[in-house]
Amino acid sequence: MSRLTSYLSAQVRRLVLARAGSGAIDLSQLAKVPDRLAWPLHRDGVDPVTRLGELRAEQPVAKLTSFLGMNVWLVTGDAEARQVLSDTSGYSNDIRPFMGSRGSTTDGDIGGLGFTDPPEHTRLRKLLTPEFTMRRLERLRPRIAEIVERQLDAMEEQGPVVDLVPSFAFPVPFLVICELLGLPDEERDTFRQLGSARFDVSSGGQGVFGAVSDSRRFLMEATRRQRSRPGDGLIGQIIGEYGDDISDFDLGGLADGVFTGGLETSASMLALGTAVLLEHPDEYRRVADDPTVVDRTVEELLRYLGVVQIAFPRFPKRDVELGGHHIARGDVVICHLAGANRDARLSPALDRFDPGRPPLSHLSFGHGFHRCVGAELARMELRAAFPALARRFPDLAVAADRLDYRQQSIVFGVESLPVRLTPAVVPAWGR
Ligand code: HEM
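What you see is a predicted model, and the numbers here were worked out from it, not measured in a lab.

Colleague: Please provide a residue-by-residue account of the coordination of the iron atom of the ligand, values included.
Modeller: For the iron atom of the ligand, the protein contributes exactly one donor atom, Cys 372 (SG), at 2.3 Å. Along the chain, the position of Cys 372 falls in the loop between α17 (337-340) and α18 (375-392).

Colleague: For the site of the ligand, give the residues involved together with the corresponding values.
Modeller: Around the ligand, a shell composed of 30 residues is seen, among which His 121, Arg 125, Arg 314, His 370 and Cys 372 lie nearest. For the ligand, a nitrogen atom lies 3.2 Å from a polar atom in the backbone of Gly 261. Arg 314 has a polar side-chain atom sitting 2.7 Å from an oxygen atom of the ligand. Taken together, the elements giving at least two residues each to the shell around the ligand come down to α5 (120-128), α14 (248-279) and α18.

Colleague: For the packing of α14 against helix α16 (residues 294-305), give the residues involved together with the corresponding values.
Modeller: Remark: α14 packs on α16, axes separated minimally by 10 Å, with the N-to-C direction vectors making an angle of 105 degrees. Looking at the two axes, α14 sits roughly perpendicular to α16. Contact residues: Met 269, Leu 272, Gly 273, Val 276 and Leu 277 in α14; Thr 297, Leu 301, Leu 302, Tyr 304 and Leu 305 in α16. Taken together, the residues that form the contact of α14 with α16 break down as eight nonpolar, two polar and no charged.

Colleague: Which residues make up unusual backbone geometry, and what values go with them?
Modeller: Following Pro 118, the chain continues into Pro 119 via a peptide bond in cis, with omega recorded as 5 degrees. Looking at where Pro 119 falls in the secondary structure, it is placed in the loop between β5 (91-92) and α5. Unlike most non-glycine residues, Ala 349 shows phi in positive territory, near 60 degrees. Within the secondary structure layout, Ala 349 lies in the loop between α17 and α18. Taking the relative accessible area as the measure of exposure, Ala 349 reaches 40% and is therefore partly exposed.

Criteria and thresholds
Residues numbered from 1 in each chain as written. Predicted model: local features only at pLDDT ≥ 70, side-chain atom pairs only at ≥ 80, totals over all residues. Heavy atoms only, no water. Donors = N, O, S within 2.8 Å, 3.2 Å for Na, K, Ca; no water. Helix = DSSP H or I, 4+ residues; strand = E, 2+ residues; numbered from the N terminus. Near = heavy atom within 4 Å. Polar contact = N/O pair within 3.5 Å; in protein donor to acceptor, adjacent residues only side chain to side chain. Axes fitted to C-alpha atoms, helices over the stretch in contact; angles between N-to-C directions. Parallel < 35°, antiparallel > 145°, perpendicular 65-115°, else oblique. Contact = heavy atoms within 4.5 Å. Nonpolar A, V, L, I, M, F, W, Y, C, P; charged D, E, K, R; others polar. Buried < 20%, exposed > 50% of the residue type's maximum accessible area, 1.4 Å probe, protein only.

In short, the description is geometric, and any link to function would need to be established separately.
Next up, the structure:
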């Protein structure tokens, strides 16, 4: 780069930082996320697009584009992504400077752990972790099994062809999160409608960041109600322990992070995981018959699908070196988790679904300080749901010619998965 171009870039970056600081860049007002930024979210069936694998092979850290004067870097290598995700001294998760007035701390919509840095992140995460220890989660195990069986009963009544997304994949994690949070039955319906608009970038920043306000407001209200009548879930437990030391705003934000983090993600895993298993009927039968294969099949589905395609954006706090590149303060770094999960430097043939492969550590739950707090709960749900489904409906089959996978969503998924519960009856004359 010539000295003049470097000088101009530095000026633009200074301007961007100044504008970000003053709230003049507002990602929530973006009408459409441009394709040069969004293409890594596209999929070819359940696979990341070929272009992503080619880029990873050549440049595990690559400059994706410049956007609003910022350089956007895409990290598709496993080691490089781990380096970014574990380095809180080098990178910030705080997106508020880029959110215009929505980013204000007192009444802003951006909350929860994912967009927060230490020491605030450490303080908030500490409130949450006791609710996610294996000991506390054990209390949910029988409830999860009941919820799964009840949804299977409902599917059986509805059959022979049902849509697995609204009948199973979505209600199971939704009801589990309601249990976890301790939300009373009468609040669950309103709550349900707030979940899905969140992660779709096809409507620009509004879909991703704008919908944040509604569910957060709802959960702040639920928190306020529980001050006088604490429930027996996470919200009530935290109120019981910390009382007025935690505000409705903070606790509502934490609960919202749990809701957002846990619903769409687990629902997508259940729907897409079923679709993949049905493409591999031997594996589907095996999870029904052999409890020893369940854990590794679930891990391989998590790795292979990488439903949370990218981590929260990381903002370098100072100039950093990464993968041989100089990344400047004011740039944005996007770690592609689904891409890194298929890094050929880890093991060959990672584009294939193979539960029999030697265990491999994946990035589907992230890495480092922001690693998914609900990972064990998610595993518990998946390890309960797939075997129960395969036992109840051993002949389950996809009842559609093709599936409409989400094309531009941070959480990859499928809107609908029609399945036939029992083999179609072929009339005697048709045999
Ligand atoms: C299969 C299901 C799930 C997947 C694939 C998943 C994936 C992820 C990933 C990749 C991150 C880290 C993002 C980053 O570092 O930028 C994350 C964070 C988080 N997840 Fe999950 N998640 C799942 C289920 C859940 C569940 C069930 C809950 C809670 C009930 C949950 C709550 C959270 C929260 C609160 C965070 C923020 C943690 C922090 O910033 O410290 N997730 N999740």
